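Observations on chain architecture
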Amino acid sequence: MIDNNLLIKCDNIKAMQWLINNGYEGKIDLVYIDPPFSTGGSFSIDRNGRVATISKAQDSIHVYDDNIKGKEFIEFLKARVILIHKLLSNRGSLYLHIDYKIGHYVKVMLDEIFGIKSFRNDITRIKCNPKNFDKIGYGNIKDMILFYTKGDCPIWNTPKLPYSEQEIIKRYPKIDKYGRRYTTVPIHAPGETKNGETSKPFKGIYPPAGRHWRCAIEKLEDLDKSGLIEWSSKGNPRKINYISEMRGKRVQDIWEYKDPIYPQYPTQKNEDMLKLIIETSSNKDSIIMDCFCGSGTTLRVAKELGRKWIGIDNSDVAIEIAKNSLCHKNIFNNDKKTFEFIEMV
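Cut-offs used in this document
- Residues numbered from 1 in each chain as written.
- Predicted model: local features only at pLDDT ≥ 70, side-chain atom pairs only at ≥ 80, totals over all residues.
- Heavy atoms only, no water.
- UniProt positions renumbered as here; feature names shortened; annotations may be inferred.
- Salt bridge = Lys/Arg side-chain N within 4 Å of Asp/Glu carboxyl O.
- Helix = DSSP H or I, 4+ residues; strand = E, 2+ residues; numbered from the N terminus.
- Buried < 20%, exposed > 50% of the residue type's maximum accessible area, 1.4 Å probe, protein only.

The protein chain carries the name site-specific DNA-methyltransferase (adenine-specific) in an unreviewed UniProt entry, which gives Candidatus Caccoplasma merdipullorum as its organism. As its UniProt record puts it under Sequence similarities (unreviewed entry), the protein chain is described as follows: "Belongs to the N(4)/N(6)-methyltransferase family." Of the protein chain, the UniProt comment under Catalytic activity (unreviewed entry) reads exactly: "a 2'-deoxyadenosine in DNA + S-adenosyl-L-methionine = an N(6)-methyl-2'-deoxyadenosine in DNA + S-adenosyl-L-homocysteine + H(+)".

Below is the structure:
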């Protein structure tokens, strides 16, 4: 297996098969792909490097056509997902970015390859500002990301966002004598346990009918001694949670990461969104792959976050833009040896 980061110019079927044959099977921890969306569109850039999708100059440079549709598109994608599944490690994850019109058919195909139990999320990504086109139907401001894991114990670094001031006041409305904001939560949970530690009395109190204590009595005693149990006027205990001890709120399945206003490449995606995905589903020693790498944004973000990466694309324009992005002197000190470029015929 090659130790360097890899940028491969080739059809991704052939490139991924080459990776399998060269020791990468089961070695990749995260795959993010933004494949064609089966839109029927044609994508170009003009001579000044500006993306041209609707209005095209006569001398614009053709980048790629997104003209595979229906069953043919699903089969096109399926052949590649089968290889991606082989390349993923047992702790690996796939994030597949797709259009809402075809995405549900893609999910059925992914269920077949990964298994329905491996499906984790259908993430809604808000991609743009509201539109006011005159048409029958609601304005579309979203696409979707299908998140699957290969095994039951994937790499997962729980993503958190900071609370706003309004959220802090709403979620942590109480203030103790030291001025610390807090809230309280029940110390019992649904489900009864018989003859178990969590069914015993705490301070002479049994859990409510149909419920059990969330932890052993010894732990509840320790919390009470530490001043982390609040007793109501009626003698009901609740656990104290201070805002200062919280890392933030969990990221939900609706993301607002709008596309760049002036992209270098058609369908170029938001860097902060890719940073979230990479930080959440990979570690510092992980290999990240994008086999529809386009402008190389995924690869550059992976590099900035200290991950190894593999990028694949068959477009001359994409490879050139990716090379320039990866060798930018402000990012990698103009070190063009940070990756190995492979061109396959």
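Further remarks concern the pattern of salt bridges. Under the criterion given, the structure shown has 16 salt bridges. Between Asp-143 and Arg-125 there is a salt bridge, with its nearest N and O atoms 2.8 Å apart. Highlighted residues: Asp-143 in strand β8 (residues 142–149) and Arg-125 in strand β7 (residues 119–126), separated in sequence by 18 residues. In this structure, the salt-bridge partner of Glu-221 is Lys-203, at a minimum N-O distance of 3.3 Å. With Glu-221 in helix α5 (residues 217–225) and Lys-203 in the loop between β12 (188–190) and β13 (211–213), this pair connects stretches of sequence that are 18 residues apart. Assessed through its relative accessible area of 24%, Glu-221 is described here as partly exposed. Look at Lys-203 and you get partly exposed, because its relative accessible area is 46%. Three or more residues are tied together by salt bridges with common partners; here these are Arg-125, Asp-143 and Asp-259.

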